[in-house]
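Examination of the molecular architecture
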Amino acid sequence: MTTDPLSDALAVADARSVFSGGFEAGGDWAIRLRGRDRLKVNAVLRGSCLLVRDSGGEPLQLTEGDVVVSDGGQPYTLCSGPGIEPTDSDDVVMDPVTRMARLGRGEDVDVACVSGHIDLSRDRGDLLRRALPELVHVRADSPEAGVLRWLIGQLAAEMTKRRAGVEFVSAHLAQLMFVQVLRVCLTEADGLPPGWLRALADERLAPALRLMHGDPAHPWQLEELARAAAMSRTTFAVRFKEAAGVPPLTYLLNWRMSLAARALRQDTTPVAALGRSVGYTSESAFSNAFKRAVGVAPRRYRAEATEGRQRTGPGRPRLQ
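Below is a summary of the structure that appears in this document. Bear in mind the structure is a predicted one, so any value in this text is a computation, not a measurement.

1. A look at the pairing of strand 7 (residues 76-79)
- Taking every second residue as pointing to the same face, both faces of strand 7 are buried, with Tyr76 and Leu78 on one and Thr77 and Cys79 on the other.
- Judged from the 4 bridges that link them, strand 2 (residues 30-33) and strand 7 form a sheet pairing that is antiparallel. When the bridges of strand 7 are listed, Arg32 appears paired with Thr77.
- Pairing of strand 4 (residues 48-53) with strand 7, which is carried by 4 bridges, proceeds in the antiparallel orientation.

Structure follows, in structure tokens:
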């Protein structure tokens, strides 16, 4: 049984793209977007601007059709030029209907951008976050950018026309934009840190990954996985660890715990049955493994997840 590890990871991480709004700007302007430990997306609808990272480095020139995804670890500033004191995104007032803000004092609109973020699960969001570099920049003229340009155009049209269902459509377009960015990353794996995404980009390792994802309860052995990858045990183990950052069987354990955590958050499957679904023959063995990996026992994890959902309420829209 095989599956699609990219789709699996998006589902297990509860990845959900949320379109939060955008801005138009003219003249001198700058806006600082804070790192909130979640993935952030910005797309340039028209015009151009600079991206300046708080962590340093050369400013990044963004042009029409470009998309950037940040891991959320560090704030950055979008601006018309260097040396301009930025406005904090929390202080930007968006139009409640269009979800767009106006920046700068220039009469003309020199640039328009849309922003969003990727909501990830409470504990296993690192599955995605750690697989990506600090900043992904997909240029409008890159070979893989055609679909992104179309999605950006559709998102801009939704924002302009404000037809019925605009919120639903915008959220799904943002989701598709994020998936396309990940696909671009798969074609440029040399720039990825060690993690599941880099391992998936390795065509020699991908068959073993699909086996583990397709049947996580199976007691996979190193020999079986190496055979699927058409390598010796040693070559496979070394290559897998270099790409994924962990040995193959550690990756399998982490994947099982990710699946279990998602099930505990989302349904009421008995803990014993859940343990069997990820390869454990007894509830105690599963509970001990889960507690070592996550830090709390499965039942406590489920209770805390339920309490967290009950406490969570809507916040005011703001640029992300």
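2. Some points on helix 6 (residues 206-214)
- With 7 of 9 residues buried, helix 6 is to be regarded as a mostly interior element.
- Taken together, the buried positions of helix 6 are Ala206, Ala208, Leu209, Leu211, Met212, His213 and Gly214.
- As for helix 6, its buried residues are in contact with helix 1 (5-12), helix 5 (196-201), helix 7 (222-228), helix 8 (233-244) and helix 9 (248-266).

3. Here we look at the sheet that holds strand 6 (residues 67-70)
- Ordered by their spatial adjacency, 6 strands build an open sheet running 9-1-10-3-6-11, and the pairing between neighbours is mixed. Each of the sheet's edge strands pairs with one partner strand only, and the pair in question is strand 9 (100-103) and strand 11 (135-138). Strand after strand, the sheet turns through a mean of 20° between neighbouring axes, direction not considered.
- Strand direction decides the pairing type here: strand 1 (residues 16-25) and strand 9, joined by 4 bridges, are parallel. Bridge pairing links Ala25 to Leu103 in strand 9.
- Packed onto the sheet, helix 3 (residues 146-161) meets strand 1, strand 3 (39-46), strand 6, strand 9, strand 10 (111-119) and strand 11 and runs at close to 80° relative to strand 3.
- Contacts between helix 4 (residues 166-187) and the sheet are confined to strand 1, strand 3, strand 6, strand 10 and strand 11, with strand 1 contributing the most and set at about 100° to the helix.

Parameters and conventions
- Each chain carries its own residue numbering, running from 1 in the written order of its sequence.
- For a predicted model such as this one, the threshold for reporting local features is a pLDDT of at least 70, and the threshold for listing and counting side-chain atom pairs is 80 or more; totals across whole chains, interfaces and linings nevertheless cover every residue.
- The basis for every side-chain value is the complete set of non-hydrogen atoms in the structure, without hydrogens or water.
- Relative accessible area decides the class of each residue, using a 1.4 Å probe on protein chains only: under 20% of the type maximum gives buried, over 50% gives exposed, and in between gives partly exposed.
- Comment: elements are numbered from the N terminus, with helices defined as DSSP H or I runs of at least four residues and strands as E runs of at least two.
- Two strands make a pair as long as DSSP finds a minimum of two bridges between them.
- Whether two residues are in contact is decided by their heavy atoms, any of which lying within 4.5 Å being enough.
- In this description, a line fitted to the C-alpha atoms serves as the axis of each element, helices being fitted only across the stretch in contact, and the angle between N-to-C directions of two axes falls anywhere from 0 to 180 degrees.

These values are about where atoms sit, not about what they do.
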